[in-house]
Amino acid sequence: MTMFSQAGDAFIPTQGRGSYLDELPTGNYIVVSPMMGPMYFQRVDDFPESPRLYGNVMQRAERIMRTFIDRENRSTGVLLEGEKGSGKSQLARVISRLGYDAGMPTILINAPFTGDAFNNLLASIEQPAIVLMDEFEKVYREQEAQEAILTLLDGVMTTQKLFIFTVNNKFKVNDNMKNRPGRLYYSIEFGGLEQEFIREYCEENLKIQENLGSVLTVSAMFYRFNFDMLKAMVEEMNRYEETAFEVLELLNAKPISVSSGTKYEVVVTTANGHKSVPQDVKEIPIQGGVARGNGDAVALYVQFEGGPDLSKFKTEDEEDKAITDWEQQLLGTSSSGVSVYSNGQMHLLVEPKHLTGIDPDAGVYQFVVSNSVTVEYTRKQAEGRSYYPGMY
């Protein structure tokens, strides 16, 4: 049975007998590899109590911890992927705190340790423990070093460990760690804050609650809207009593890059269900995720099938009535900012204020002009580019 001798903050595995510790005390540790002598654990500060948690952070943490405890005498791996500020490190800290409450130590790996000495050091912890490798792909830059870690995940240890890997760039993680639940049981991708998280945070921290809707709309414009962005946005909105759209003009957070080469397919749908012939355009009434200016509208001319044949009519009154009937057939009612012509064309002005919905993954932007006309812009994928805003 491995025991631990303590010298200050250092805890050294030993097979000796006497006044030694049966287990590694609960807390956070780093691994120390001295020039002379064996590796050992050094106690460091514990993670602070988690502040107010939003969204499903605690739900996920409790599920991971329950799974780990249920899988007795087996190690469990968790991969948390997302850019800085996305919430992956917060989830890792919450899991560590749950482990602390259950009497488990957390080992923080801050150097690319590999090999038998390192593996034996971790194996010396015979109680359930957490091993946290934060920013794994940066610490273990070399693929050879990452492959060496696979031995820890392949069940060679008889002791129960919860391995947590956080990564900013999953494409730099060894392929042998992906789609292998036997090695990494869970893989969670943080694609940006969820709407539930954003709403809860704003309900508690945003002074002018009427502006909450603008935060939800703006957040959907980002490929990955992270907590750093949300926190700064709410802080600025509270300071100047502005909407999310207004603070983005100066804030270092720009969701959509609309270049001159970007094209969109536009389809106009009327209240009566008539759809225009799809056509490509280059202009959309948002720029950098921010309204382009007061009254800065984009003019659209779209074509509908089935317009009246005016050659059949002999008088202007008959023509006017045919056009009015055609407009009534399309719209069902008159609509400000919308004009219908006899050749089946519709002219309308689309303004930033008409924006009602965004699907950033599909690159779709929906505007409602008056109450009768919906305009849907779909970003067309250029060669070698992605639909995702911010990836251009």
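See the structure printed just above.
Residues numbered from 1 in each chain as written. Predicted model: local features only at pLDDT ≥ 70, side-chain atom pairs only at ≥ 80, totals over all residues. Heavy atoms only, no water.

Draft legend 1. The sheet that holds strand S10 (residues 264-270), seen in detail. One open sheet holds the five strands; their spatial order is S11-S10-S19-S18-S17, and the pairing between them is antiparallel. Only two strands of the sheet have a single neighbouring strand rather than two, namely strand S11 (279-281) and strand S17 (355-359). Taken pair by pair, the neighbouring strands of this sheet meet at an average axis angle of 25 degrees, ignoring direction. Note: S17 against strand S18 (residues 364-369), four bridges, orientation antiparallel. The residue bridging Leu355 from the neighbouring strand is Phe367, located in S18. (Pairing = 2+ DSSP bridges. Helix = DSSP H or I, 4+ residues; strand = E, 2+ residues; numbered from the N terminus. Axes fitted to C-alpha atoms, helices over the stretch in contact; angles between N-to-C directions.)

Draft legend 2. Main features of unusual backbone geometry. For Asn73, which is not glycine, the phi torsion reads 60 degrees and is therefore positive. With respect to the element layout, Asn73 can be found in the loop between helix H1 (57-70) and strand S5 (76-81). In the Ramachandran plot, Asn179 falls in the positive-phi region, its phi being about 55 degrees despite a non-glycine side chain. Topologically, Asn179 is positioned in the loop between strand S8 (161-167) and strand S9 (186-189).

Draft legend 3. Structural view of helix H8 (residues 227-240). Between its terminal C-alpha atoms H8 stretches 20 Å, which fits the 20 Å expected from 14 residues at 1.5 Å a residue. Every buried residue of H8 is listed here: Met229, Leu230, Met233, Val234, Glu236, Met237 and Asn238. Buried-residue contacts for H8 involve helix H6 (195-205), helix H7 (212-219) and helix H9 (244-247). Put simply, Asn226 is the residue that caps the front of H8, since its side-chain oxygen is 3.1 Å from the backbone nitrogen of Asp228. (Expected span 1.5 Å × (residues − 1). Buried < 20%, exposed > 50% of the residue type's maximum accessible area, 1.4 Å probe, protein only. Contact = heavy atoms within 4.5 Å. Polar contact = N/O pair within 3.5 Å; in protein donor to acceptor, adjacent residues only side chain to side chain.)

Draft legend 4. Local environment of the pairing of strand S4 (residues 40-44). Direction of pairing for strand S2 (residues 10-14) relative to S4: antiparallel, over a ladder of two bridges. Of the residues in S4, the one forming a bridge with Phe11 is Phe41. The pairing of strand S3 (residues 28-32) with S4 spans five bridges and is antiparallel. In the sheet register, Tyr29 faces S4, and the bridge partner there is Arg43.

Draft legend 5. The arrangement of the packing of aromatic side chains in detail. Considering all chains together, one arrives at 14 aromatic pairs under this definition. On the basis of an interplanar angle of 90 degrees and a centroid distance of 5.4 Å, the ring pair of Phe11 and Tyr29 is categorised as edge-to-face. Taken together, the residues span a long stretch of sequence, with Phe11 in strand S2 and Tyr29 in strand S3 at a distance of 18 residues. Above the face of the Phe190 ring, Arg60 is positioned so that its terminal group lies 5.7 Å from the ring centre. Note that Arg97 overlies the ring of Tyr100, its terminal NZ or CZ placed 4.8 Å from the centroid. (Phe/Tyr/Trp six-rings, centres within 6.5 Å; stacked < 30°, edge-to-face > 60°. Lys NZ or Arg CZ within 6 Å of the ring centre and 35° of its normal.)

Draft legend 6. View of the pattern of salt bridges. Scanning all chains against the criterion turns up twelve salt bridges. A salt bridge links Glu135 to Lys138; the nearest nitrogen and oxygen atoms lie 3.9 Å apart. Assessed through its relative accessible area of 21%, Glu135 is described here as partly exposed. You can call Lys138 partly exposed: its relative accessible area is 35%. With its nearest N and O atoms 3.0 Å apart, the salt bridge here joins Asp325 to Lys321. Here Asp325 pairs with Lys321, and both are found in helix H10 (residues 316-331), just four residues apart, close to one helical turn. Shared partners join several salt bridges into a network, and the residues in it are Lys84, Glu135 and Lys138. (Salt bridge = Lys/Arg side-chain N within 4 Å of Asp/Glu carboxyl O.)

Draft legend 7. Geometry of the packing of H6 against H7. Two elements in contact, H6 and H7, have axes separated by 10 Å at closest approach and are oriented at 150 degrees. The orientation of H6 relative to H7 falls into the category roughly antiparallel. H6 and H7 meet at a crossing whose hand is right-handed. Contacts between H6 and H7 involve Gln195, Ile198, Arg199, Cys202 and Glu203 from the first element and Leu212, Val215, Leu216 and Ser219 from the second. Looking at the contact of H6 with H7 residue by residue, the classes come out as five nonpolar, two polar and two charged. (Parallel < 35°, antiparallel > 145°, perpendicular 65-115°, else oblique. Left-handed = near helix turned anticlockwise from the far one by under 90°. Nonpolar A, V, L, I, M, F, W, Y, C, P; charged D, E, K, R; others polar.)

Draft legend 8. Just helix H5 (residues 143-153), in detail. Among the residues of H5, those classed as buried are Ala145, Gln146, Ile149, Leu150, Leu152 and Leu153. On an axial view of H5, the arc spanned by its buried residues comes to 170 degrees, and they lie on one face. In this fold, the buried residues of H5 make contact with helix H3 (116-123), strand S7 (129-133), helix H4 (136-139) and S8. (Arc of directions from axis to C-beta.)

Draft legend 9. Representation of the sheet that holds S4 in the model. Strand order across the open sheet formed by nine strands is S1-S2-S4-S3-S6-S7-S8-S5-S9, with mixed pairing between neighbours. A single partner strand is all that each edge strand has here, and the edge strands are strand S1 (3-7) and S9. The sheet shows a mean angle of 25 degrees between the axes of neighbouring strands, direction not considered. In the sheet, S5 pairs with S9 via four bridges, with the strands oriented parallel. Looking across to S9, one finds that Leu80 is bridged to Ile188. Seen against the sheet, H1 touches S5, S7, S8 and S9 and runs at an angle of roughly 165 degrees to S9. H3 contacts S2, S3, S4, strand S6 (106-108), S7 and S8 of the sheet and is inclined by roughly 60 degrees relative to S4.

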